[in-house]
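Understanding the architecture of this molecule
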Amino acid sequence: MAGRLSFAPLADFQSKEPGYQPMPFRFARIPGVDGKVLVTSEVGEFEFLDEVDFMAFAAGTLSPATDTYADLQGKHFLAEGDYSSTLRMVAAKYRTRKSFLKGGPALHVFVVTLRCDHSCRYCQVSRQTADQARFDMSAETAAAAIDLMFQTPSPSLTVEFQGGEPLLAFPRIRQIVEAIEERNLVEGRAITYSMTSTLHQADGEVLEFLRRHDFQLSTSLDGPEALHDANRPRPGRESHRRTLDGIGRVREALGERSLSALTTLTRESLKYPEAIVDEYVRLGFPSIFLRPLSPFGFAAKAAQRIGYGMEEFLPFYERALAYILELNRMGVAIQEAYTGFLLSHILTPFPTGYVDLRSPTGAGLGARVYNYDGGVYASDEGRMLAEMGDHSLRLGTVHDSHADLMRSEGMQLLLATGVAEALPGCSDCAFLPYCGADPVFNLAREGDPVGHRPTNAHCVKHTGLFRILFRYLAEADPHVVRTFTSWVTQRPVRRLPDAEAA
Amino acid sequence: MPASAVTQPSDVPRGTAFPFDFTVSVDTAIFPREVVLRTCYAFTDRCHCWLESEEGARILVGFRLKASSADPDAIRGEFGNALIDFGLRASIEEKTRAVREAIVSAALAEASVPAPAKR
């Protein structure tokens, strides 16, 4: 028998080349995280370094004997010697992060009518009164839009119905779904149906249809009754009660998980973060989406009365998030949906289905909108912009081909201005891997698709949100980390393994 | 020229078209023009900035504060620190440019290869 195996010393396995090659990274200092610098890699890995280690790392002089060196090497912030294998691993992560590009538009929005029975002050879609049927999508337009949708190559398609109030045009929804189902017997795509609705028109026949086709529904709930009814007036001032009735009917017919809600925040809403969250908890929602006002449609016209700056929204969000985390600490499982998207971008390499925060932009590349009048737009906001008189993101009509639409002037504009990596201010930003370009928002707000980053509301909002979240991540409170992990993995905290949470 | 000296662009009469609250003279041997421009861009939320060349490879940056309540000394200090950060960013970008291009090229090139046929 041979003697004891002898192993070569560790040095034999280490690079013979002195020093290391830093991989691309960006950095930021986070208010409230004193003495630490956040570094983020091209593929979204992050680490907090103290100032001494940070300066040494940036200068290429960080000692291989330190824990920081090992942490940075483990996350591919640096590589030794021949770094081709590191480069390939980083490239694979990059490809995963950008995998939303591969299939082309996967979200197809059918605006079946602009009619609505509400007259919300913040309406972003320039709705029409409920009796104006000329604002409905025709059967011919719907059929052409379905053809166009199936020209896109994505193996998974989400068909979303919007309005106005889409259920005011329920017969058209039925026609579209039935035509898609028939066509899909040959196409074989994975199709999900969703709809944004007040639910007020959701009677037994409608609910049975939605159940049969496994619809995912979203409704607007702005908080307690007084706030909701003030934001969403309708004849009789009973929007909150009717919405709650609709929520009850949908849950009974389709189940709890088929329905989510989101809140649109007016200036008045900003006074009540806890009350708004409490209303969602009271009604049994596991998630709340705290959505600031959009700069489109009637919301743009009413901005003086109900609008606010991001410097007012961010303290509201911070207070609401702190309250939500406190509720979770007490065993009440509720999450903030937008925080969930942002945390997924930070904590995982996978893109989310959320098309509004991508680079390249999700407008036109990830989503497409078929308007009631046959116009095709790069995003819902693109058609809202058109209602305001700016048609630059009208790609064509439902009678054009997919290839024609992708070559349109609107798409050229989006491709030239919708890559955050190439935008002034964004290219330097440590939050770039988690953020996105929004040329449509910039067009609406500033009349320019590039936008002026230092004063840009999209940038101020997201920089503020990322700072808040990274401050929590730097503090690393075990309860908060477990809660965030549960939001990203969509698993209850009690079912998280300790190792995963850590 | 002292960093805090008040001056005007040569074609603008003093105190009329662009009255500065303060100026900063930047040595381009330390902070290249690109770095100065990126730093100024980041300050355009708080200030109007005016740049002009100076003798001795320097750039003179004139600042007019947008808010009358803003503290010029604090802004000047933040600008100095931001120059260092943007200078460091430019240096990192230069050192890692080739690697970044290789990563993106590899990622996109491999994405275009057709997936192997299913058996």
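One structure accompanies this document, and this report is about it. (Residues numbered from 1 in each chain as written. Chains lettered and ligands numbered in written order. Predicted model: local features only at pLDDT ≥ 70, side-chain atom pairs only at ≥ 80, totals over all residues.)

Let's talk about the overall build of chain B
When helices and strands are counted, chain B shows 2 helices and 3 strands. Beginning at the N terminus, the succession of helices and strands in chain B can be written as β-α-β-β-α. (Helix = DSSP H or I, 4+ residues; strand = E, 2+ residues; numbered from the N terminus.)

Side note on the overall build of chain A
Within chain A one finds 20 helices and 17 strands. In terms of its C-alpha atoms, chain A occupies a principal-axis envelope of roughly 85 × 55 × 50 Å. The 502 residues of chain A split such that 45% are buried. (Buried ≥ 20, exposed ≤ 12 C-beta atoms within 10 Å, placed from the backbone.)

Some details on the interface of chain A and chain B
Contacts between the two partners involve 20 residues from chain A and, on the opposite side, 19 residues from chain B. Per element, the largest residue contribution to the side of chain A that touches chain B is 6 residues, and it comes from helix 3 (residues 84-97) of chain A. Residues that form the side of chain A that touches chain B fall into these classes: 11 nonpolar, 3 polar and 6 charged. (Contact = placed C-beta atoms within 7 Å. Nonpolar A, V, L, I, M, F, W, Y, C, P; charged D, E, K, R; others polar.)

Overview of the nonpolar core
All names here are of chain A. Ranked by size, the top nonpolar core spans 67 residues in total, and within it L38, V39, L342 and L469 carry the most contacts. Among the elements that make up this core, the one with the highest residue count is helix 18 (residues 457-475) (6 residues). Setting aside residues no more than four positions away along its own chain, L38 makes contact with F27, A28, I30, F46, F48, A430 and F470. One finds F110, V112, L210 and M411 within the second-largest nonpolar core, a separate group that totals 59 residues. (Core = buried A, V, L, I, M, F, W, Y, C linked by C-beta atoms within 7 Å.)

Remarks on the packing of helix 6 (residues 204-212) of chain A against helix 8 (residues 239-254) of chain A
Residue and element names in this part refer to chain A. Where helix 6 meets helix 8, the closest approach of the two axes is 9 Å, and the angle between their N-to-C directions is 45 degrees. Put simply, helix 6 runs oblique to helix 8. Of the two elements, helix 6 crosses helix 8, and the hand of that crossing is right-handed. Judged by residue contacts, L207, L210 and R211 of helix 6 engage R249, V250, A253 and L254 from helix 8. (Axes fitted to C-alpha atoms, helices over the stretch in contact; angles between N-to-C directions. Parallel < 35°, antiparallel > 145°, perpendicular 65-115°, else oblique. Left-handed = near helix turned anticlockwise from the far one by under 90°.)

What to know about unusual backbone geometry
Residues and elements named next belong to chain A. Between G163 and the following residue, G164, the backbone shows a cis peptide bond with an omega angle of 20 degrees. With respect to the helices and strands, G164 occurs in the loop between strand 9 (156-162) and helix 5 (170-187). For the peptide bond that leads from S359 to P360, omega is -5 degrees, which places it in the cis range. Of note, P360 is situated in the loop between helix 13 (337-347) and strand 15 (367-370). Although it is not a glycine, Q490 sits at a positive phi angle of roughly 55 degrees. Turning to its location among the elements, Q490 is positioned in the loop between helix 19 (478-489) and helix 20 (498-501).

Topic: the packing of helix 14 (residues 380-387) of chain A against helix 17 (residues 439-446) of chain A
Residue and element names in this part refer to chain A. Contact geometry of helix 14 with helix 17 gives a least axis separation of 9 Å together with a crossing angle of 25 degrees. It follows from the interaxial angle that helix 14 and helix 17 lie roughly parallel. For the pair helix 14 and helix 17, the sense of crossing is left-handed. Contacts between helix 14 and helix 17 involve E381, G382 and L385 from the first element and V440, F441, L443 and A444 from the second. Residues of the contact of helix 14 with helix 17, tallied by class, amount to 5 nonpolar, 1 polar and 1 charged.

Here we look at the sheet that holds strand 1 (residues 22-27) of chain B
Hydrogen bonding along the main chain pairs the strands of a sheet, whether they run parallel or antiparallel. Residue and element names in this part refer to chain B. What the 3 strands build is an open sheet, ordered 1-3-2; its pairing is antiparallel. The strands lining the two open edges of the sheet, one partner per strand, are strand 1 and strand 2 (47-54). Direction aside, neighbouring strands of the sheet carry axes that sit 25 degrees apart on average. Here 8 bridges tie strand 2 to strand 3 (residues 58-65), and the two strands are oriented antiparallel to one another. Opposite C47, over in strand 3, you have L65 as the bridge partner. Against the sheet, helix 1 (residues 33-42) engages strand 1, strand 2 and strand 3, with an angle of about 5 degrees to strand 3. (Pairing = 2+ DSSP bridges.)

As for the sheet that holds strand 2 (residues 25-28) of chain A
Residues and elements named next belong to chain A. Spatially, 3 strands are ordered 2-3-4 in an open sheet, and the strand pairing comes out antiparallel. Edge positions in the sheet fall to strand 2 and strand 4 (46-50), since each has one partner strand and no second. Ignoring which end each strand starts from, the neighbouring axes of this sheet average 30 degrees apart. The pairing of strand 3 (residues 36-41) with strand 4 spans 5 bridges and is classified as antiparallel. The partner of V37 across the bridge, within strand 4, is L49. Across the face of the sheet, helix 1 (residues 51-59) comes into contact with strand 3 and strand 4 while running at roughly 110 degrees to strand 4.

With respect to helix 18 of chain A
Note that an α-helix has 3.6 residues per turn; residues three or four places apart therefore point the same way. Residue and element names in this part refer to chain A. The terminal C-alpha atoms of helix 18 lie 27 Å apart, and with 19 residues this matches the ideal 27 Å at 1.5 Å per residue to within 8%. The complete set of buried residues in helix 18 reads H458, C459, H462, T463, L465, F466, I468, L469, F470 and L473. Tucked inside the fold, the buried residues of helix 18 contact strand 3, helix 12 (310-329), helix 13 and helix 17. (Expected span 1.5 Å × (residues − 1).)

Focus: the environment of E160 of chain A
Residues and elements named next belong to chain A. Structurally, the position occupied by E160 is in strand 9. Note on E160: 21 C-beta atoms within 10 Å, which makes it buried. Taking the C-alpha atoms as reference points, E160 and T192, 32 residues apart in sequence, are found 8.3 Å from one another. Ignoring sequence-local partners within four residues, the contact set of E160 consists of L107, V109, S194 and M195.

As for the environment of R58 of chain B
Residue and element names in this part refer to chain B. Topologically, R58 is positioned in strand 3. Using a count of 18 C-beta atoms within 10 Å as the deciding quantity, one classes R58 as partly exposed. Linking R58 and R33, residues 25 residues apart in sequence, is a C-alpha distance of 9.1 Å. Setting aside anything within four residues of it in sequence, one finds R58 in contact with S25, V26, D27 and T28.

A short note on the environment of R282 of chain A
Relative to the helices and strands, R282 of chain A is located in helix 9 (residues 273-282). Residue R282 of chain A is classed as exposed on the basis of its C-beta count, with 9 C-beta atoms lying within 10 Å.

Points about the pairing of strand 11 (residues 216-220) of chain A
All names here are of chain A. Here 3 bridges tie strand 10 (residues 190-196) to strand 11, and the two strands are oriented parallel to one another. The residue bridging T196 from the neighbouring strand is S218, located in strand 11. Between strand 10 and its parallel partner strand 11, the chain crosses via helix 6, and the hand of that crossover is right-handed. The sheet contact formed by strand 11 and strand 12 (residues 259-265) spans 4 bridges and is parallel. The residue of strand 12 that forms the bridge with T219 is A261. (Right-handed = clockwise from strand over helix to strand, strands pointing away.)

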